[in-house]
Amino acid sequence: MVSYKELGLVNTKEMFAKAVKGGYAIPAFNFNTMEQMQAIVQAAVETKSPVIMQVSKGARNYANATILRYMAQGAVEYAKELGCPNPQIVLHLDHGDTFELCKDCIDMGFSSVMIDGSSLPYEENIALAKKVVDYAHQYDVTVEAELGVLAGVEDEVSSAVSHYTKPEEVIDFSQRTGCDSLAISIGTSHGAYKFTPAQCTRDPKTGKLVPPPLAFDILHEIEKKLPGFPIVLHGSSSVPQDEVDTINKFGGKLPDAVGIPEEQLREASKSAVCKINIDSDSRLAMTAAIRKYLAENPSHFDPRQYLKPARENMKKMYIHKIVNVLGSNDKL
Ligand SMILES: [Zn+2]
């Protein structure tokens, strides 16, 4: 058993309390590769932002769970080396689907876990979340649970339809599970194709899809039921159209990829939403830079040559999110 505290990581408790009070949100960036990890840490240090580095089940399968855990430990040391003596870095399990997986992560040094029982019947979701909370809290590890179902595809998590969170359930759910934060469904969605063209309107000038707005009325109702309780938004990439255009220009094919407009995320950050998950935007930033580099430099084959601009492009995106969308800069 390794405690996250020995690794220099922190749980989400204090940072969420400050974020809810301060009207900003903590970025939760997924990572699978060294370049993503470096870009996340550089962006967080340069902007003096707390950050949640999250690992999905798919990331554990791709990169190996032990390696990712050591990378998070490395991230803390790297942040110090970059001049941040007390970095606020959370290592979080994204979409844990079993008690065993959550326990395994807690035992190996994660400071926060999500138990996603949102596809289960209500009572089973509560029972599973409570079991994880009871174990996690013994070690001061914070737990995110989910109520409501998001549409979209993310690694092994997928659903064809969304079900908005029912505000009338949130008090009972949070009290009976004892969870530290609650992921809700108000119209965000996983992946780079968050909405079908039929769900959107089209901008007459650019021809680009305009997604339906988030259900802020539901968010506000939930806030009223649970004043000051940390709320989490999944599936909150904005799918930047310049990255999509670069990918398509250099041989890619992402027609009608669409995300959540940043103005809406900015508005949500000012509410009890204190954690915003961003994964697809990092994938797009990386792929756009690599496609462009290889198309412009067909004779190059050293991965460092194309991963360097990819890392730079992700870092630029992370900084933009922190400063211009979530407002978590200068909050260390
Ligand atoms: Zn998610």
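So, here's what we can say about the structure. (Residues numbered from 1 in each chain as written. Predicted model: local features only at pLDDT ≥ 70, side-chain atom pairs only at ≥ 80, totals over all residues. Heavy atoms only, no water.)

1. Let's talk about unusual backbone geometry
Residues other than glycine seldom take positive phi values, yet K48 does so here, at roughly 55 degrees. Mapped onto the secondary structure, K48 falls in the loop between α2 (34-47) and β2 (51-56). Positive phi values are uncommon outside glycine, yet D140 reaches one of about 65 degrees. Looking at the secondary structure, you find D140 in the loop between α6 (122-138) and β5 (142-147). (Helix = DSSP H or I, 4+ residues; strand = E, 2+ residues; numbered from the N terminus.)

2. Quick look at the nonpolar core
The biggest cluster of nonpolar side chains holds 89 residues, and the ones touching the most others in it are F31, M53, L182 and I231. Within the second largest apolar cluster, ten residues are counted, among which are M15, F16, A19 and C274. (Core = buried A, V, L, I, M, F, W, Y, C linked by side-chain atoms within 4.5 Å. Buried < 20%, exposed > 50% of the residue type's maximum accessible area, 1.4 Å probe, protein only.)

3. Description of α2
If you check α2, its first and last C-alpha atoms are 20 Å apart, about what 14 residues at 1.5 Å a residue would give, namely 20 Å. The buried count for α2 comes to twelve of 14 residues, which makes it a mostly enclosed element. Taken residue by residue, α2 has E35, Q36, M37, Q38, A39, I40, V41, Q42, A43, A44, V45 and T47 as its buried positions. As for α2, its buried residues are in contact with β1 (26-30), β2, α4 (65-81), α11 (280-296) and α12 (303-326). Trailing α2 by a residue or two, K48 shows a phi angle of about 55 degrees, which is positive. (Expected span 1.5 Å × (residues − 1). Contact = heavy atoms within 4.5 Å.)

4. Re the sheet that holds strand β4 (residues 112-115)
Read around the closed barrel, the eight strands follow the order β1-β2-β3-β4-β5-β8-β12-β13; overall the barrel is parallel. This sheet shows a mean twist of 25 degrees between the axes of neighbouring strands, independent of strand direction. Taken together, the three bridges between strand β12 (residues 231-233) and strand β13 (residues 273-278) define a ladder with parallel strand orientation. Considered in β13, the bridge of L233 is made with I276. Contacting β1, β2, β3 (89-96), β5, β8 (181-184) and β13, helix α1 (residues 13-22) runs over the sheet at an angle of about 110 degrees to β13. (Pairing = 2+ DSSP bridges. Axes fitted to C-alpha atoms, helices over the stretch in contact; angles between N-to-C directions.)

5. Some remarks on the packing of aromatic side chains
Counted under the stated rule, the structure contains four aromatic pairs. With centroids separated by 4.3 Å and ring planes inclined at 45 degrees, the aromatic side chains of F29 and Y318 adopt a geometry described as tilted. Of this pair, F29 sits in strand β1 while Y318 sits in helix α12, and the two are 289 residues apart along the sequence. The same class applies to F29 as to Y318, namely buried. What links up through ring pairs into an aromatic cluster is the set F99, Y135 and Y139. Residue placement shows K131 over the ring face of F99; its charged tip is 4.4 Å from the ring centre. Over the aromatic face of Y24 sits the side chain of K331, whose NZ or CZ is 4.7 Å from the ring centroid. (Phe/Tyr/Trp six-rings, centres within 6.5 Å; stacked < 30°, edge-to-face > 60°. Lys NZ or Arg CZ within 6 Å of the ring centre and 35° of its normal.)

6. Here's the deal with the pairing of β3
For β3, a buried count of eight out of eight residues is recorded, marking the element as mostly surrounded by other parts of the structure. Note that β2 and β3 share six bridges and pair parallel. Each residue of the ladder has a partner; that of I52, found in β3, is V90. Relative to β4, β3 runs parallel, the two being bridged by three bridges. Among the inter-strand pairings, H92 is bridged to a residue of β4, identified as S112. Traced from β3 through helix α5 (residues 99-107) to β4, the parallel crossover comes out right-handed. (Right-handed = clockwise from strand over helix to strand, strands pointing away.)

From the geometry alone we can't say anything about function, so treat these as descriptive.
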